[in-house]
Every structure is written in C-alpha cells, then in structure tokens.
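Coordinate analysis (summary)
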Amino acid sequence: MTTADQLGFSFRPPERRVWTVRDLVAAVRTHIEREYSDIWIEGEISNFRAHESGHLYFTLKDGNAQIRMVMFRSQARLMRFRPEDGMQAVARGRVTIYEGRGELQVAVEYLEPKGAGALQIAFEQLKAKLEAEGLFAAERKKAIPRLPQRIGIVSSPQAAALRDIVQILRRRHDAANVVIYPAQVQGEAAAMEVTAGIRYFNRAKLVDVIIVARGGGSAEDLAAFNHEGLARAVAGSAIPVISAVGHETDVTIIDFVADLRAATPSAAAEMVIRSRQEIEEQTEGLHQRLARAMRYRLLMGRQRLTELAQHGAFARMMDAINRRQQKLDEAVYSLERAERQILERQRRRWEIAAAAVRHYDARRVLGGLKKELEARRAAIAATMRALLLGERGRLEQLSAELQALSPVAILERGYALVFDQAGRVLRDATAVRPEEEISARLARGRIVAIVKKSEG
C-alpha cells in the first residue's frame, strides 16, 4: 500500500518482522560467535563453582562489569591448577549466548593465573593440601636400610639417570641386586606409570628400598612428579622410597612425601648403599674397639683380683694354712727318721747274731737264729704296722684339723666371711650400724649389702 503526503511524495512503510525469542537469540549468538570466536579476556574470578559433571562455572569481573564464564569438562581436565575466588586470571575462548537464559557468556578453552604460572599455582595448592594432611611430617618417614640387598628403581630404561645409578651401585658394592621397573618419566602417562611401579614393588615385596629417578628438566618436564596420585602412592608405600628427580635446585611434590630426597640420581646411588671399603673400614674399627674394650676389662679384672688377693683376711688365712702345712711336713719327717732308726737297730742286731753263729754249731745255731729272726721280724713288722697306723691316724687327724680350720672349707659349708667398710672381719653384730655397707666373701663370689638391723 502506497501513500502520498502533501508535497506529493510517495513512500512504502517497512514490513514488520516478528522474531521468536529462540530465533533472535540464535541469530545474535551466530553473529557474536562469528565476530568473537577467539578472544583473550582478563579479570578477577568470583562465584567459582565446580559441578559434579566436571564443568567449571565462574564469573570474570572488572570494576563494575562482569561476564559469565564456563569451561567444559574436556578442557577443565587439562588444567593443572584449581581456580579460586579472588584470583586474577586470563582466559581464552569464544563469546556465545546461553539460550536457556539468554545471557552472554564466554566458553573458555584455556585459563591461566595472571602473574604466577599455572604449574606453580598447582604445585603450591597441592603442596599446601598434602602438608595439611601430615604427609610431609618427619615422624611418618621410614628409615632407609643401611645395606639393602635388593634395590628397586622406577625410571625410564633409556634415561641417563638410570645408567648413572647402576654404574655407581656396581662400583660401590657389586653384591647388591637391582630390579628395574620401566616407566615413562615425562608426559601425561608418566605419573600413572611411576605410580604403578611403586605399587608393584609393594605387592611383590622384591626389594628393600625404592628409588624414583629422573634427570633434570623444565617445570613442564617434571610436572608428572607433582601429581597428587603419585604423591599419595609414595606416602603410602610400605617400602622406603628415595626421590631422585631432577637436579639439586629442582623441587617436586614427591620430594616432600618421600622418605629421603636425593639432590640428583647419582647422589641417590651414593646414599642408598655404602661402599665395600667403608664397610670394611667400619668393621675394622669395631674390631679394634672390641679388642681395646676386652683388654681393658681383663686389666680391670686382674687389678681387682690382685686387690682381693692382698686383702688382710686372705693373708691371715694363708699364714694359718702355711703353719699347718709346716707341722705336717715335720710329722712326715719324724716318721721317716723313726723308721730309719728302727731299721738301723735291727741291722746291728743281725750283725751281732751273725758273729755269734761262728762259735756254735752252724746248723743248730742257725736254726735257733732263724726262729728268733722270724719272731723278731714278725714283731718288727707288727711294730712297724702299729707305728705306721698310728702315724697315719695322726696324719689324717692333722689333715682333718687343717681342713676344718681352712677358711675355704668353712665357706664351702655355707658360711661367709663378713667385712666392714674398712675391710676388717666382723665378729660382733654391734660393730656395725644400720644403713652401713658391708661385704661378704662366699665360697664362690662376693656380695655387697646394706645393714638394715643389728642385734647383739
């Protein structure tokens, strides 16, 4: 329909187009996504929420402006840190419209904290979390065996670090057995493979200690050793674990949870086993110390024995024994002298009788003399037996008396020699007071006691 105004101009009114909400939002979304398909946006994170589905929802704000952000699970699982409210961040993504609410939002493909890198943020977050759980505590760390017989190594078979460890172990103590569990030490699968190696050694119980080894590298190269699952596997290992990752200045999470941290893989090999020379030197040192201790103990024992032997009580006992031994020697000498005298008298009598034989009939005289000699011989034998029996009885009596008087025999019967603190023999109970120290010499050994009570 055409209309004319007063000036004669004619015009056609615009056609009315009515949009549905869905079509309008879709059209605007298409336009916006085409114009803003790859943008970087910076702001402060707020209202952060991690959904059970794995998607991340938050808001970036700057002054009085804000925009909703969403990071879907496929991108979120690649993040190495956890966003937090108040964190300044830079996001990369595309602008779109969420049709359900008709709201502008950014679908985030990549997110990094502003300032510190994502790896450093993830490292600090995981470190704080595990430290709060007590996994870094010194009291939970296990001691490394001093001389392990079997050593487990989790590392890449192609790694130079592994070759260094094996060479050092072979040089220091070739009797040690090495069991290698091959695992990637870089990349996305590295953390899982190293974790599997630690769990394998714990199940198989093949080794006495485990070394997790890798050479140096960048923070990205060592990122696998900042994995939470690997850290918990190291902390939960029943076998002591040595972390030998990177160079001396490199620090990873498993360095904190391991039972021992080595500055380098080579240092781990030096620490895990002592050289044969060191063991031999220590053994020789122990042998010398033992020999010196034995000599000292023998010297002290000899000195103590000498002191006891010089004690006055023992000297008096030895004097008494010597005197009785002298009396016994004198009795034996007297007995021998009496026997010689008797024999001499009998010899003289025989000589007199032999001379008298020459004046008589030899046969008659000899017969009489023979009878007399036999009678006298019998009398002498009887006399000698009587004398010998008497002397033997006397000797046995003296020996019994000597034995009875011997302090050692007295001790054997259960008695004891008791001395006061000055070493004098105690004969009167009133000579000591309560709480004084006394000593007693038994048949075998010596005891020291404290007087509780004395009665006269």
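Everything numeric in this text was worked out from a predicted model, so none of it was measured.

**Concerning the sheet that holds strand β3 (residues 39–50)**
If you walk around this closed barrel you meet the five strands as β3-β4-β5-β7-β6, and the pairing is mixed. If you compare each strand with its neighbour and ignore which way they point, the axes differ by 55° on average. Sheet topology places strand β6 (residues 88–98) next to strand β7 (residues 103–113); ten bridges connect them, and they run antiparallel. Across the sheet, residue V95 finds its bridge partner in β7, namely V106.

**Comments concerning the packing of aromatic side chains**
Following the criterion strictly, the structure yields five aromatic pairs and no others. With a centroid separation of 6.2 Å and 75° between ring planes, the pair formed by W40 and Y110 is classed as edge-to-face. Of the two residues, W40 sits in strand β3 while Y110 sits in strand β7, which places them 70 residues apart along the sequence. Residues F48 and F58 carry aromatic rings whose centres are separated by 6.4 Å and whose planes lie at 35° to one another, so their mutual orientation is tilted. Residue F48 is found in strand β3, and its partner F58 is found in strand β4 (residues 56–62); the two are separated by ten residues along the sequence. Taken together, Y181, Y200 and F201 form an aromatic cluster joined through their ring pairs.

**Re the sheet that holds strand β13 (residues 417–419)**
One open sheet accounts for three strands, arranged β13-β14-β15; its pairing is antiparallel. Of all the strands in the sheet, the pair left with one neighbour each is β13 and β15 (446–450). Direction aside, neighbouring strands of the sheet carry axes that sit 25° apart on average. Of the strand pairs in this sheet, strand β14 (residues 437–441) and β15 are connected by five bridges, and their pairing is antiparallel. Among the inter-strand pairings, S439 is bridged to a residue of β15, identified as V448.

**Some points on helix α5 (residues 190–204)**
End to end, α5 covers 21 Å across 15 residues, agreeing with the expected 21 Å (1.5 Å per residue, within 8%). A190, A191, V194, T195, G197, I198, F201 and N202 are the residues of α5 that are buried. Projected down its long axis, α5 carries its buried residues within an arc of 155°, all on one side. Along its buried surface, α5 packs onto β8 (150–155), β9 (177–182), β10 (209–214) and α6 (228–235). Looking one or two residues beyond α5, the residue adopting positive phi is K205, at roughly 55°.

**Remarks on the environment of K141**
Among the secondary structure elements, K141 is positioned in the loop between α3 (118–132) and β8. Judged by relative accessible area, K141 falls into the partly exposed class, the value being 25%. Distance from K141 to A258, taken between C-alpha atoms, is 7.4 Å for residues 117 residues apart in sequence. Of note is the side chain of K141, whose polar atom sits 2.7 Å from the backbone oxygen of A258.

**Focus: the side chain of Q105**
One can find Q105 in strand β7. Q105 gets classed as buried once you look at its relative accessible area, which sits at 13%. For Q105, the contacting residues outside a window of four places in its chain are I67, R68, V70, R94, V95, T96 and Y98.

**Some words on the nonpolar core**
Here is a general trend for soluble globular proteins: nonpolar side chains tend to be buried in one another's company. Counting 30 residues, the largest nonpolar core has L130, V194, V212, F225, V234, I254 and V257 as the members making the most contacts within it. When residues of this core are traced back to their parent elements, those giving at least two are α3, α5, β10, α6, β11 (241–245) and α7 (253–257). Counting residues per element, this core draws most heavily on α5, at five residues. Among residues more than four places away in sequence, those in contact with F225 are V185, V194, V212, R214, L230, V245, T252, I253 and I254.

**Considerations on a nonpolar patch on the surface**
A contiguous nonpolar patch, built from W19, L24 and V28 and spanning about 250 Å² of accessible area, is present on the exposed surface. Note that W19 resides in the loop between β2 (10–11) and α1 (21–35).

**Quick word on the packing of α5 against α6**
Their axes nearest at 9 Å, the elements α5 and α6 cross at an angle of 15°. In this view, α5 runs roughly parallel relative to α6, as classed from their interaxial angle. Once α5 is placed against α6, the crossing between them reads as left-handed. Facing A191, V194, T195, I198 and R199 of α5, the residues of α6 in contact are G229, L230, A233 and V234. Of the residues contributing to the contact of α5 with α6, the split by class is six nonpolar, two polar and one charged.

**Brief notes about the environment of I253**
Tracing the backbone through its elements, the reader meets I253 in helix α7. Each C-alpha atom, one on I253 and one on E124, is 9.2 Å from the other, the two residues being 129 residues apart in sequence.

Conventions we followed
- Residues numbered from 1 in each chain as written.
- Predicted model: local features only at pLDDT ≥ 70, side-chain atom pairs only at ≥ 80, totals over all residues.
- Heavy atoms only, no water.
- Pairing = 2+ DSSP bridges.
- Helix = DSSP H or I, 4+ residues; strand = E, 2+ residues; numbered from the N terminus.
- Axes fitted to C-alpha atoms, helices over the stretch in contact; angles between N-to-C directions.
- Phe/Tyr/Trp six-rings, centres within 6.5 Å; stacked < 30°, edge-to-face > 60°.
- Expected span 1.5 Å × (residues − 1).
- Buried < 20%, exposed > 50% of the residue type's maximum accessible area, 1.4 Å probe, protein only.
- Arc of directions from axis to C-beta.
- Contact = heavy atoms within 4.5 Å.
- Polar contact = N/O pair within 3.5 Å; in protein donor to acceptor, adjacent residues only side chain to side chain.
- Core = buried A, V, L, I, M, F, W, Y, C linked by side-chain atoms within 4.5 Å.
- Patch = residues over 30% accessible without salt bridge, like charges linked within 9 Å, V, L, I, M, F, W, Y side chains within 5 Å.
- Areas by Shrake-Rupley, 256 points an atom, 1.4 Å probe, with all protein chains shown as cover.
- Salt bridge = Lys/Arg side-chain N within 4 Å of Asp/Glu carboxyl O.
- Parallel < 35°, antiparallel > 145°, perpendicular 65-115°, else oblique.
- Left-handed = near helix turned anticlockwise from the far one by under 90°.
- Nonpolar A, V, L, I, M, F, W, Y, C, P; charged D, E, K, R; others polar.

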